[in-house]
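Take a look at the letters that make up each chain.
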Amino acid sequence: MKLYIKPGACSMASHIVLTEIGGDFAVEMVDTDKGLTAGGANYRAINPKGKVPALEVEGEVLTEGPAILQFVGDRAANLNLAPKAGTLARARVNEVLNFTGTELHIAFGSLFSQGATEAQKDAARAAVAGKLDWLEAKLADGRAFLTGPISPGFRWSTGRVWRGSWRGLRHGQRCRRC
Ligand SMILES: N[C@@H](CCC(=O)N[C@@H](CS)C(=O)NCC(=O)O)C(=O)O
């Protein structure tokens, strides 16, 4: 397996999960502005979307952070990283990952768009804060995970890592270009 990433970008979540699983995988940096991998390959030939993360696996390329997180989590079944597919608990994981990967991600993207006015940035900040509030409210009962209480054996979850990556951005870490 090879994971394509960019420092400070949302690909960090996939990188953290793969690292925690301790699997056999390679990492290659991508310069998405130039469309080149660190090794000089045309990145759009690997991922036509030109975005990170992308995971090369079994001769295919899997894209979209939430899909990669669930795939690698499911493959490490012994680590119990996500509830079983088909359960409501798993749908809740999907709910959070989709919210984060679409609503929250898009809101952050506007904040860093080049040429945005201060008024547009203020509007983007308000939008991001509102979406993070939804996530924070889910934790208001003291639960350790967005999707419920901590289970024996759980050290972390795919959903928690994804949310944590975004929390880092909220506290000043800048996404180079979402
Ligand atoms: N829907 C995709 C979005 C991926 C995405 O937007 N990645 C950003 C970094 S956070 C990127 O690669 N941006 C580079 C570009 O747009 O050129 C996912 O969830 O994986």
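Worth saying up front: this structure is predicted, and the values here are computed from it rather than measured.

Here we look at the confidence of the model for the protein chain
Then comes step 1: A residue-level look at the protein chain finds 83% of positions with pLDDT of 70 or above and a mean pLDDT of 85.
Then comes step 2: Contacts of residues 168–178 to residues separated by more than four positions or lying in other chains number 20 contacts, the stretch itself having pLDDT below 50.

A word on the sheet that holds strand 2 (residues 26–31)
Then comes step 1: The 5 strands lie next to each other as 3-2-1-4-5, forming an open sheet whose pairing is mixed. In this open sheet, the two strands that pair with only one neighbour each are strand 3 (36–37) and strand 5 (60–63).
Then comes step 2: This element, helix 1 (residues 11–21), spans strand 1 (2–5), strand 2 and strand 4 (54–57) of the sheet and lies at about 150° to strand 1.

Things to note about unusual backbone geometry
Then comes step 1: Look at the link from Val-52 to Pro-53: it is a cis peptide, with omega at 5°.
Then comes step 2: Located in the positive-phi region is Glu-58, a residue other than glycine, with phi close to 50°.
Then comes step 3: Within the secondary structure, Glu-58 sits in the loop between strand 4 and strand 5.
Then comes step 4: Unlike most non-glycine residues, Glu-64 shows phi in positive territory, near 80°.
Then comes step 5: Tracing the chain through its elements places Glu-64 in the loop between strand 5 and helix 3 (65–75).

The rules behind each value
Residues numbered from 1 in each chain as written. Predicted model: local features only at pLDDT ≥ 70, side-chain atom pairs only at ≥ 80, totals over all residues. pLDDT = per-residue confidence, 0-100. Contact = placed C-beta atoms within 7 Å. Pairing = 2+ DSSP bridges. Helix = DSSP H or I, 4+ residues; strand = E, 2+ residues; numbered from the N terminus. Axes fitted to C-alpha atoms, helices over the stretch in contact; angles between N-to-C directions.

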